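# What the coordinates show
Listed here are the chains, written in short residue letters.
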Amino acid sequence: MRCTRRTLTAVTAAMLLAATAACGSGSDSAKSESTGDAGTTNLKIGIIPIVDVAPLYLGQKKGFYKEQGLSLSMTMAQGGAAIVPGVVSGQFQFGFSNSTSLMVAQSKGVPVKVVVNGVGSTGKQNADFGAVVVNKDSPIKSAKDLEGKKVAVNTLKNINDTTVRESVRKDGGDPSKVKFVELAFDQMPAALDKGQIDAAQVVEPATATVKAQGGRVIASNFVDTARKLTVAMYFSSSQYMDQHPDVVKKFKAATQKSLTYANGHPDEVRDIISTYTKIPQSTLDKVTLPAWPAQWNRPSLDTLAKLGEQDGLFEKTPDLNALLP
């Protein structure tokens, strides 16, 4: 079930820290996973229903997780900010989150740590899986024109509004004048079409959906921020990683294998996307796939940290050395 706006609004520092306390003892944390047939460890993963997570589904289908004695159960959420407390409380053993939301959590003292890379930008202007889009008849021509306009992002104060601000800044505009609103990715195409928002920061498959209804890309915000931007990663709680290093090692190995396989088999990726999204095949064929490198790009994360600090997202400077293994 997807998170509601009320849930997302409640994800404040107090809630995150409360979730940390809810982790309880080691025995409580261990109860959050189960052992299935033949010693298989069943893991609950908090994800977002977007193209980014296709390697998990593909790796599950190809048996990469089974080879490691793992079975994955996916739970959908609207964004990484909602997944973080679920991981810290033990609801999920692993989660998928954009890089900036993980930095925000770490800066607030939330005990999370990255396990393995998630997804990266293609590095190509106007040919990336994420973009800022407008209707075909919109007077908005470039990122600078977003001043004073209502721009949708999936959750506030995450990588998407941070990178949109950078696009505006690089185009000579004032990013402080952009009005960000929170909306789930799959709701953005309809909201844009109805004129409820002026622009949207989308990722696939919403990017292809907007293009199919005649929308235009006015900025490649991930590319504007860093050419090979590490957009999101898979993470766990520090407690779970300390208590289950063997499971963490297996999850990392299987996920890295899945990322590499996804990079080399785009047709299979498109097929697997249809199993967890409702995107029509005609649109799916036009989806721009992201990059799935097995390792994150540290310089790009340093850039995100600097931009987040500049935009006032952090209570204190995030410690990337503590966040990254």
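See the structure printed just above.
Owing to the predicted nature of the structure, the values given are computational and were not obtained by experimental measurement.

As a further point, take the packing of helix α8 (residues 159-170) against helix α16 (residues 298-310). Interaxial distance between α8 and α16 falls to 10 Å at its minimum, and their mutual angle equals 85°. Here α8 is positioned roughly perpendicular relative to α16, judged by the angle of their axes. Touching Ile-159, Thr-162, Thr-163, Glu-166 and Arg-169 of α8 are Leu-304, Leu-307, Gly-308 and Gln-310, all from α16. Residue classes in the contact of α8 with α16 are distributed as 3 nonpolar, 4 polar and 2 charged.

Moving on, we come to the sheet that holds strand β9 (residues 199-203). With respect to topology, 5 strands assemble into an open sheet ordered β8-β7-β9-β6-β10, the strand pairing being mixed. Edge strands, defined here as strands with exactly one partner in the open sheet, are β8 (179-182) and β10 (216-219). Strand-to-strand, the axes of this sheet are offset by a mean angle of 40°, without reference to chain direction. Pairing between strand β7 (residues 150-153) and β8: 4 bridges, direction parallel. Looking at the pairing, Lys-150 lines up with Lys-179 of β8. Contacts between α8 and the sheet are confined to β6 (130-134), β7, β8, β9 and β10, with β8 contributing the most and set at about 155° to the helix.

On to the pairing of strand β4 (residues 94-98). Within β4, 5 of the 5 residues are buried, leaving the element largely enclosed by the surrounding structure. The two faces of β4 match: Phe-94, Phe-96 and Asn-98 on one face and Gly-95 and Ser-97 on the other face are all buried. With 2 bridges joining them, strand β2 (residues 41-47) and β4 adopt parallel strand pairing. Considered in β4, the bridge of Gly-46 is made with Gly-95. Bridge count for β4 against strand β11 (residues 230-237) is 4 bridges, and the pairing is antiparallel. Paired with Asn-98 across the strands is Ala-232, a residue of β11.

What follows covers the packing of aromatic side chains. A full pass over the atoms with the stated rule returns 8 aromatic pairs. Look at Tyr-65 and Phe-251: their rings are 6.0 Å apart centre to centre, the planes differ by 40°, and that puts the pair in the tilted class. With a gap of 186 residues between them, Tyr-65 in helix α5 (residues 64-67) and Phe-251 in helix α13 (residues 245-264) connect regions that are remote in the sequence. One exposure class covers both Tyr-65 and Phe-251, and it is buried. Here the aromatic residues Tyr-65, Phe-94, Phe-96, Tyr-234, Tyr-240 and Phe-251 are joined through ring pairs into a cluster of three or more.

So, about the packing of helix α7 (residues 99-107) against α16. At a minimum axis distance of 10 Å, the contact between α7 and α16 shows a crossing angle of 60°. When the axes of α7 and α16 are compared, the pair comes out oblique. Here α7 and α16 pass one another in a crossing that is right-handed. Contacts between α7 and α16 involve Ser-99, Thr-100 and Met-103 on the former and, on the latter, Leu-301, Leu-304 and Ala-305.

Cut-offs used in this document
Residues numbered from 1 in each chain as written. Predicted model: local features only at pLDDT ≥ 70, side-chain atom pairs only at ≥ 80, totals over all residues. Heavy atoms only, no water. Axes fitted to C-alpha atoms, helices over the stretch in contact; angles between N-to-C directions. Helix = DSSP H or I, 4+ residues; strand = E, 2+ residues; numbered from the N terminus. Parallel < 35°, antiparallel > 145°, perpendicular 65-115°, else oblique. Contact = heavy atoms within 4.5 Å. Nonpolar A, V, L, I, M, F, W, Y, C, P; charged D, E, K, R; others polar. Pairing = 2+ DSSP bridges. Buried < 20%, exposed > 50% of the residue type's maximum accessible area, 1.4 Å probe, protein only. Phe/Tyr/Trp six-rings, centres within 6.5 Å; stacked < 30°, edge-to-face > 60°. Left-handed = near helix turned anticlockwise from the far one by under 90°.

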